[in-house]
Amino acid sequence: MTLSVKHLLAEANAAVPRIAAAEAAKMQAAGALVVDVRDAAEVAASGKVKGALAVSRGLLEFKADPDSPMHDPAFRRDRPVILYCASGGRSALAGKVLRDMGFADVHNLGGFRDAVAGGLESEPA
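Note that the structure is predicted; figures quoted are calculated from it, not measured.

Parameters and conventions
- Residues numbered from 1 in each chain as written.
- Predicted model: local features only at pLDDT ≥ 70, side-chain atom pairs only at ≥ 80, totals over all residues.
- Heavy atoms only, no water.
- Axes fitted to C-alpha atoms, helices over the stretch in contact; angles between N-to-C directions.
- Helix = DSSP H or I, 4+ residues; strand = E, 2+ residues; numbered from the N terminus.
- Parallel < 35°, antiparallel > 145°, perpendicular 65-115°, else oblique.
- Left-handed = near helix turned anticlockwise from the far one by under 90°.
- Contact = heavy atoms within 4.5 Å.
- Buried < 20%, exposed > 50% of the residue type's maximum accessible area, 1.4 Å probe, protein only.
- Pairing = 2+ DSSP bridges.
- Right-handed = clockwise from strand over helix to strand, strands pointing away.
- Polar contact = N/O pair within 3.5 Å; in protein donor to acceptor, adjacent residues only side chain to side chain.
- Core = buried A, V, L, I, M, F, W, Y, C linked by side-chain atoms within 4.5 Å.
- Patch = residues over 30% accessible without salt bridge, like charges linked within 9 Å, V, L, I, M, F, W, Y side chains within 5 Å.
- Areas by Shrake-Rupley, 256 points an atom, 1.4 Å probe, with all protein chains shown as cover.
- Salt bridge = Lys/Arg side-chain N within 4 Å of Asp/Glu carboxyl O.
- Phe/Tyr/Trp six-rings, centres within 6.5 Å; stacked < 30°, edge-to-face > 60°.

Running from N to C, helix H1 (residues 5-15) and helix H5 (residues 89-100) point in directions that differ by 65°, and their axes come no closer than 8 Å. Put simply, H1 runs roughly perpendicular to H5. Considering only the axes of H1 and H5, their crossing is left-handed. Only Gly89, Ala92, Leu93, Lys96 and Arg99 of H5 make contact with H1, whose side of the interface consists of Leu8, Leu9, Glu11, Ala12, Asn13 and Ala15.

Put into structure tokens, the structure is as follows:
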């Protein structure tokens, strides 16, 4: 069976719960890792959620895998992860990948603009 983007997004959205900015703020204050999976140019143009780690979607698996030479120690399987992108699609797909990699507590914040409009502070990239 050939999978479409629509099918992949439906699976990702079913596997990774969407959360609001207020819930994300509480989780971040309690130690959750917030990850911006937009491309570097997008992050440079608009900034990112304050305290978020910018890891483009294409590098996520390499940064999250402890056996990868590119591993970022901020990624721990015992730590909640909150992902966002521009509109929520890439962060849903990224969340599904992290779930497949053994990260159990993964959430989709959706889009950057919605997160800031919902009260999260931003900072320059």
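Most of strand E5 (residues 106-111) is tucked away, with six of its six residues classed as buried. The pairing of strand E4 (residues 81-85) with E5 spans five bridges and is classified as parallel. The partner of valine 81 across the bridge, within E5, is valine 106. Handedness of the crossover is the feature at issue here: the chain leaves E4, passes through H5, returns alongside E5, and the resulting connection is right-handed.

Here we come to the side chain of aspartate 36. Turning to its location among the elements, aspartate 36 is positioned in strand E1 (residues 33-36). A distance of 2.8 Å separates the side chain of aspartate 36 from the side chain of tyrosine 84, its partner in a polar contact. Non-local contacts of aspartate 36, meaning those with residues more than four positions away in its chain, are made with Val43, Gly47, Lys48, Leu53, Ala54, Val55, Ser56 and Tyr84.

So, on to the sheet that holds E5. Strand order across the open sheet formed by four strands is E3-E1-E4-E5, with parallel pairing between neighbours. At either margin of the open sheet sits one strand with a lone partner, and together these are strand E3 (53-54) and E5. Running at roughly 150° to E4, H5 makes contact with E4 and E5 of the sheet.

Membership of the largest hydrophobic core comes to 15 residues, with the highest contact counts inside it found for Val35, Phe75, Leu83, Leu98 and Phe103. Secondary structure elements with two or more residues in this core: E1, helix H4 (60-64), E4 and H5. The dominant element in this core, judged by the number of residues it contributes, is E4, at three residues. Discounting residues that sit within four places of it in the chain, phenylalanine 75 has contacts with Leu33, Val35, Leu53, Val55, Leu60, Lys63, Ala64, Leu98 and Phe103. In terms of nonpolar packing, the next biggest core, distinct from the first, is built from 14 residues, Val49, Ala52, Ile82 and Leu109 among them.

Attention shifts here to a nonpolar patch on the surface. A cluster of nonpolar side chains, namely Met1, Leu3 and Leu8, defines an oily patch on the protein surface of about 350 Å² accessible area. Within the secondary structure, methionine 1 is located in the segment before H1.

Under the defined criterion, the tally for this structure stands at two aromatic pairs. Ring centres of phenylalanine 75 and phenylalanine 103 lie 6.4 Å apart, and the angle between their planes is 85°; on these two criteria the pair is classed as edge-to-face. Taken as a pair, phenylalanine 75 in the loop between H4 and E4 and phenylalanine 103 in the loop between H5 and E5 lie far apart in primary sequence, 28 residues in all. A relative accessible area of 4% places phenylalanine 75 in the buried class. Seen in terms of ring centroids, tyrosine 84 and phenylalanine 112 are 6.0 Å apart; in terms of plane orientation they differ by 25°. Their pairing is stacked. Taken as a pair, tyrosine 84 in strand E4 and phenylalanine 112 in helix H6 (residues 112-117) lie far apart in primary sequence, 28 residues in all. Here tyrosine 84 and phenylalanine 112 have matching classes, each one buried.

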